[in-house]
Amino acid sequence: MDVLLDGLVAAVRLLLSGDADTWAITALTLRVSLTATCIAVIIGVPLAAAVALTRFPGRRVVLAAANTGLGLPPVVVGLFITVLLWRSGPLGAFGLLYTPTAMIIAQAVIGTPIVVALAAAALRQVDPDFLVQMQGLGATRARALMALIGEARLPLLAAAMAAFGAVVSEVGAAQMVGGNLAGDTRVLTTAAVLATSRGEFALAIAFGLILLFIAFAVNLVLTLAQHREPVRR
Amino acid sequence: MLAVLLLAGCGGPAAGPSAETSLILATTTSTQDSGLLDELLPAFTAATGWQVKTVAVGSGQAIELGRRGEADVLLVHSPATEQKFVAEGATGRRLLVMHNDFVLVGPKSDPAAIRGVAPTEAMARTARSGVPFVSRGDDSGTNAREDQLWAAAGIRPTGQWYQETGQGMGATLRVADEHGGYTLSDRATWLSQPGSLVVLNEGDRQLLNVYHVIEMTTHAGDRMQPDGAVAFADWIVGAPAQQMIGEFGRAKLGQQLFVPDAGKPEPTG
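Starting afresh in each chain, residues are numbered from 1 along the sequence in its written order. Whichever chain is written first is A, and whichever ligand is written first is 1; the rest continue in order. Reporting in this predicted model follows two pLDDT cut-offs: at least 70 for local features of residues, and 80 or more for side-chain atom pairs to be given and counted; totals over whole chains, interfaces and linings ignore these cut-offs and use all residues.

Asker: Just checking my understanding: could you explain the overall build of chain A for this structure?
Answerer: Numbering of helices and strands runs from the N terminus; a helix is a DSSP stretch of H or I covering at least four residues, while a strand is a stretch of E covering at least two. Looking only at helices and strands, one finds 11 helices and 0 strands in chain A. Dimensions of chain A, computed from C-alpha atoms along their principal axes, come out at roughly 65 × 45 × 30 Å. Backbone-placed C-beta atoms define the burial measure: a residue is buried with 20 or more other C-beta atoms within 10 Å of its own, exposed with 12 or fewer, and partly exposed in between. Among the 233 residues that make up chain A, the fraction classed as buried is 44%. Of the contacts formed within chain A by residues at least 6 apart in sequence, a portion of 77% connects residues at least 24 apart. Each residue gets a C-beta atom placed from its backbone, and two residues are in contact if those atoms lie within 7 Å.

Dropping the structure here:
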């Protein structure tokens, strides 16, 4: 049990002393996971709108596929992306393996189905007459859609936070496509696994606590933002 | 405020070495976990300008990465597998770098009485005793040596007592510690994470743990960095690197962890 306490002490000490390695690892974690979440939202919300609001054959299959994506194993995504990015793979010419860009791609793949599934559910929750009302008031399709997204912004924000939570905490994809290179692609989760394999348990727990802390901070910012904005009509 | 947070995440320049001056080194978890590479690689980059991306996996996987052309140079410790690999013809030089040894570790009480006997006899005794034996089970160099010892003892290990973790040496040592069982470990990892396990069998030639560096060539695929591979191989058998290898571990653990061997005749056994 004292290893947990040691971990807490180590976490505080590493952050406050400005330990360069820890701050670099933390900064990279934020950069990779926030960027991946951005991408997942930018791709996922329009996709979710299409699935939720339009009728096309196979729509329910697509919805079921997106919901299945909620359980997509990060390690499997990592393996798929690795095979694509290998030198001998179809995207090998870009030399992206073992770079933060590859990690962002992999995490975006993990996050997008989460956004699609939850955003589709969020959009369908809004009264179906809402769109009709908007268009009756003279709104173009685009503006009606923006208004709809505004109506559903609380659950949409929850979808973004769920995607962020999933990608910031995953280790399988980050390890495979990033390689956990010191100073280049080491993030909090992969650093924690490495510390564990070296028997440095307090350090591993410290990284875990720092991860929880920054995930909390991000979610706090988003939650405060969503409650401070006046409701726009 | 939301926008600021998102911009902070979405921005940022791409960092990291360019593809032209970076090479991929596939090596074993024992060289990485011991911390040896953390010392050697910055010195290599300072001396030659080549950046190294280290992929630390078992020797078996490292060789497979080399075969596929996904690694430029290998630093591995599985001599039998390496020799078969070199025979396939896609490699450049294979040079001796350093050695240390494997040790059989277990509980202090030594229930299977393996102290002081030949390693193959020790393996036979653990099999007969039913005391747990924990294996890496991951095609690593350590796993390969363990398999050779079983083969030499004429035993195929199966049964409840034989546990394969499929993980690295640290995790395997911890499982052995928790279950009061035996395992084969490289000395360096055991020294840094002994738990309550003690060395019970050591010193035989069959427990010699030899590391080689293997250059990959463009035979393995396009987009290789054979110049980087040659630079790395040349550097690691050169005097400055060999001296760093010899001194590594003295400060932290009080003993030499790897014995530099470049230029010496291949060890037998």
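Asker: I would appreciate a short explanation of the overall build of chain B in the present structure.
Answerer: When helices and strands are tallied, chain B shows 12 helices and 10 strands. As defined in this context, the radius of gyration uses C-alpha atoms, and a globule is described by 2.2 Å times the residue total to the power 0.38. Here chain B has a C-alpha radius of gyration of 20 Å; the compact-globule value for 269 residues is 18 Å, and the two agree. Residues counted as buried form 47% of the 269 residues belonging to chain B. A sequence separation of at least 24 residues applies to 74% of the contacts in chain B between residues at least 6 apart.

Asker: Which parts of the structure should I look at to understand the packing of helix H5 (residues 100-125) of chain A against helix H8 (residues 153-168) of chain A?
Answerer: Residue and element names in this part refer to chain A. With their axes 8 Å apart at the nearest point, H5 and H8 run at an angle of 160° to one another. In terms of orientation, H5 and H8 fall into the roughly antiparallel class. Crossing of H5 against H8: the hand is right-handed. Of the residues in H8, those touching H5 at Gln107, Ile110, Gly111, Ile114, Val115, Leu118, Ala119, Ala122 and Gln125 are Pro155, Leu156, Ala158, Ala159, Ala160, Ala162, Ala163, Ala166 and Val167. Of the residues belonging to the contact of H5 with H8, the class tally is 15 nonpolar, 3 polar and no charged. Here an axis means a line fitted to C-alpha atoms, over the contact stretch when the element is a helix, while the angle between two N-to-C directions is reported on a 0 to 180 degree scale. Comment on the angle field: the value is read as roughly parallel under 35 degrees, roughly antiparallel over 145, roughly perpendicular from 65 to 115, and oblique elsewhere. Each crossing gets its handedness from the near helix: less than a right angle anticlockwise from the far helix is left-handed, clockwise is right-handed. Charged means Asp, Glu, Lys or Arg here, nonpolar means Ala, Val, Leu, Ile, Met, Phe, Trp, Tyr, Cys or Pro, and polar covers whatever is left, Gly included.

Asker: Looking at this structure, how should I read the domain arrangement of chain B?
Answerer: How big an interface is tends to be reported as the loss of accessible area on association of its parts. All names here are of chain B. Domain annotation for chain B reports domain 1 (23-100 + 210-260) and domain 2 (101-207). With 17 residues of domain 1 at the contact, the number on the domain 2 side is 16 residues. When residues of the side of domain 1 that touches domain 2 are traced back to their parent elements, those giving at least two are helix H2 (29-33), helix H4 (59-67) and helix H5 (79-87). Across the side of domain 1 that touches domain 2, the residue classes tally to 4 nonpolar, 12 polar and 1 charged. Domain start and stop points were drawn from an automatic or database domain assignment.

Asker: How should I be thinking about the pairing of strand E3 (residues 73-76) of chain B in this particular structure?
Answerer: Each regular strand carries side chains that alternate between the two faces of the sheet. Residue and element names in this part refer to chain B. Of the two faces of E3, both are covered, the one formed by Val73 and Leu75 as well as the one formed by Leu74 and Val76. Direction of pairing for strand E1 (residues 22-27) relative to E3: parallel, over a ladder of 3 bridges. Following the sheet pairing, Leu25 is matched in E3 by Val73. In the sheet, E3 pairs with strand E9 (residues 208-216) via 4 bridges, with the strands oriented antiparallel. Of the residues in E9, the one forming a bridge with Val76 is His212. When DSSP finds two or more bridges between a pair of strands, those strands are recorded as paired.

Asker: Help me understand unusual backbone geometry in this model?
Answerer: With the exception of glycine, most residues fall at negative phi, and the peptide bonds are largely trans. All names here are of chain B. The backbone of Asp110 shows a phi angle near 45°, a positive value even though the residue is not glycine. As for its position among the elements, Asp110 is in the loop between strand E4 (91-106) and helix H6 (119-129). According to the C-beta neighbour criterion, Asp110 is partly exposed, with 16 such atoms within 10 Å. Here the phi dihedral of Arg223 falls at roughly 60°; this positive angle occurs in a residue that is not glycine. Residue placement: Arg223 occurs in the loop between E9 and helix H10 (226-236).

Asker: Help me out: how do you make sense of the packing of helix H2 (residues 20-53) of chain A against H8(A) in this one?
Answerer: To describe two helices that pack against each other, one gives the angle between their axes and the distance between the axes. Residues and elements named next belong to chain A. Running from amino to carboxyl end, H2 crosses H8 at an angle of 140°, the nearest separation of the two axes being 9 Å. Relative to H8, H2 is oriented oblique. As H2 packs across H8, the resulting crossing turns out to be right-handed. From H2, Thr29, Ser33, Ala36, Thr37, Ala40, Val41 and Val45 reach across to H8, where they touch Leu156, Ala160, Ala163, Phe164, Val167 and Val168.

Asker: Looking at this structure, I do not really get the environment of Gly180(B). What am I missing?
Answerer: In this structure, Gly180(B) sits in the loop between helix H8 (169-179) and strand E7 (182-186). If near-sequence neighbours (up to four positions away) are discounted, Gly180(B) is found in contact with Pro107(B) and Pro132(B).

Asker: I tried to follow the environment of Ala151(B) on my own but got confused; where do I start?
Answerer: By the secondary structure assignment, Ala151(B) is in helix H7 (residues 141-153). With 104 residues separating them along the chain, Ala151(B) and Gln255(B) place their C-alpha atoms 32 Å apart.

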